Amino acid sequence: MTSPAPSHAGRYPAGSLAFPHRGLLGIAGLAPHEILFLLDEAEQWVELNRQPHKRDDRLAGLTIINAFFENSTRTLLSFEIAGKRLGADVVNMAVAQSSVKKGETLIDTAMTLNAMHADAIVIRHGSSGAVRLIADKVDCPVLNAGDGQHEHPTQALLDALTIRHGKGLSRDSWFNGLTVTICGDILHSRVARSNILCLTTLGAEVRVCAPPALMPAGIEAMKVTPFHDFDAALKGTDVVMMLRLQQERMQGQFIPSPREYRYLYGLTPDRLARARPDALVMHPGPMNRGIEIDSNVADLDGRSMITRQVEMGVAIRMACLDVLTRRARGVEGWA
Ligand code: CP
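In this numbering scheme, every chain counts its residues from 1 along its sequence in written order. A pLDDT threshold of at least 70 governs which residues receive local features in this predicted model, and a stricter bar of 80 or more applies before side-chain atom pairs are shown or counted, although totals over entire chains, interfaces and linings include all residues. Heavy atoms from the whole structure form the basis of all side-chain values; hydrogens and water molecules are not counted.

1. Some remarks on the sheet that holds strand β7 (residues 225–227)
Part 1 of the reasoning: At least two DSSP bridges between two strands are needed for those strands to be called paired. Elements are defined by DSSP. Helices are runs of H or I of four residues or more, strands are runs of E of two residues or more, and each kind is numbered from the N terminus. Across the sheet, five strands lie side by side as β7-β6-β5-β8-β9; this open sheet has parallel pairing. Either end of the sheet is taken by a strand with one partner, and the two such strands are β7 and β9 (280–282). In this sheet, neighbouring strand axes are inclined to one another by 20 degrees on average, regardless of whether the strands run parallel or antiparallel.
Part 2 of the reasoning: Summarising the sheet, strand β6 (residues 205–209) and β7 pair through three bridges and their orientation is parallel. By the bridge assignment, V208 is partnered in β7 with P226.
Part 3 of the reasoning: Contacts are assigned to residue pairs that have any heavy atoms within 4.5 Å of one another. Each axis is a line fitted through C-alpha atoms, and for a helix only the stretch in contact is used; angles between axes span 0 to 180 degrees, taken between their N-to-C directions. Taken strand by strand, helix α5 (residues 153–166) contacts β8 (239–242) and β9, and its axis lies near 160 degrees from that of β9.

2. Let's talk about the side chain of T162
Part 1 of the reasoning: Checked against the element boundaries, T162 lands in helix α5.
Part 2 of the reasoning: Note on exposure labels: buried denotes an accessible area under 20% of the residue type's maximum, exposed denotes more than 50%, and partly exposed covers the range between, all computed with a 1.4 Å probe on protein chains only. A residue is classified by how much of its surface remains accessible, and T162, at 0% relative accessible area, is buried.
Part 3 of the reasoning: Side-chain atoms alone can form a polar contact between residues adjacent in sequence; in general such a contact is a pair of N or O atoms within 3.5 Å, and within protein one must be able to donate a hydrogen while the other accepts it. A distance of 2.7 Å separates a polar side-chain atom of T162 from the backbone oxygen of L158.
Part 4 of the reasoning: Apart from residues lying up to four places away in sequence, T162 is in contact with M282, M305, R308, Q309 and M312.

3. Focus: the pattern of salt bridges
Part 1 of the reasoning: Take a side-chain nitrogen of Lys or Arg and a carboxyl oxygen of Asp or Glu: if they are within 4 Å of each other, that pair is a salt bridge. The full count for this structure, using the stated rule, is 19 salt bridges.
Part 2 of the reasoning: The partner of R326 in a salt bridge is E41, and the shortest N-O contact between them spans 2.7 Å. Of this pair, R326 sits in helix α12 (residues 326–329) while E41 sits in helix α1 (residues 32–49); the two residues are 285 residues apart in sequence, bridging distant segments of the chain.
Part 3 of the reasoning: Assessed through its relative accessible area of 3%, R326 is described here as buried.
Part 4 of the reasoning: Classification of E41 as buried rests on a relative accessible area of 11%.
Part 5 of the reasoning: With a shortest N-O distance of 2.8 Å, D322 and R326 are connected by a salt bridge.
Part 6 of the reasoning: Overall, D322 belongs to the buried group, its relative accessible area being 0%.
Part 7 of the reasoning: Overlapping salt bridges bring together E41, D56, R58, D322, R326 and R329 as one network.

4. Quick notes on the packing of aromatic side chains
Part 1 of the reasoning: Aromatic rings from Phe, Tyr and Trp, taking only the six-membered ring of Trp, are treated as a pair when their centres fall within 6.5 Å; an angle between ring planes under 30 degrees marks them as stacked, one over 60 as edge-to-face, and anything in between as tilted. Under the definition given, this model contains two aromatic pairs.
Part 2 of the reasoning: Ring geometry for F19 versus F37: centroids 6.2 Å apart, planes at 15 degrees, classification stacked. Highlighted residues: F19 in the segment before α1 and F37 in helix α1, separated in sequence by 18 residues.
Part 3 of the reasoning: Look at F19 and you get buried, because its relative accessible area is 1%.
Part 4 of the reasoning: Look at Y261 and Y265: their rings are 5.6 Å apart centre to centre, the planes differ by 35 degrees, and that puts the pair in the tilted class.

Structural measurements only, silent on function.
If you want it as structure tokens, here you go:
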């Protein structure tokens, strides 16, 4: 399947190393060709990571700090693996044992990390905008590993790379003609927000589906079609992306019960049959099996991309760390 580029899209010249952004705080603000550039850069790391010897020392001598103020399995581990596979010294800040617990402010923490001459800082934080606050205080590139309900840009990039591979799209293909349905807790989801921005920028048609209480007001402004009826949303869908209920961001009751939620919004085999026969199933994790997704869908061979997403996550994070440290490394061709 090939699809024409969106009319506003350009490409970097072949072999260009340029990426004009100092850090990666969100998908918002990235041009279509910049998103494709990061996907293209990740392809070499997909290949390397499938080899027995997974090592490239281009970041040797650099120090990367992972500062995660919220829990994580996939994002933290894949950033750590990504940095190490590129030869960097990777340090994970143990937030629970840090001076944050003694009341140190976020800005003082940022200035402390900066004084240690980190070459890149990866941050996850529960407050929307916290990552930008830190980025404004430090000298090195900052990568957003998820901030509150705002953005999770590397998740959207790894999801786009997974779709490219899962649908067999060539590097020259945009996502025009693809329909992606994102279902779940859209209101609290930074994954939904970053994916909407990424997928619409690449030309996909995006549908969002949620109970009324979990659908942000005015979501149409993000160039998506909102649905409350999951069966209707699935008709003609090429990719189904499921989200968990973000209980940790909910104050009060947003759904009547998990059982009722599953009945209306859970992805079951019967429901998946309403999508296109080759529709891909995705979930950023962590999953709540038996609520938003049934196990026999999550583990569906050939259709479920959930472990592929994790694989692509390492490659995308290697690409981001490589690209964003090129200026510091004096890589020729940097804009
Ligand atoms: N998808 C994702 O961000 O997972 P983690 O919370 O485990 O990092």
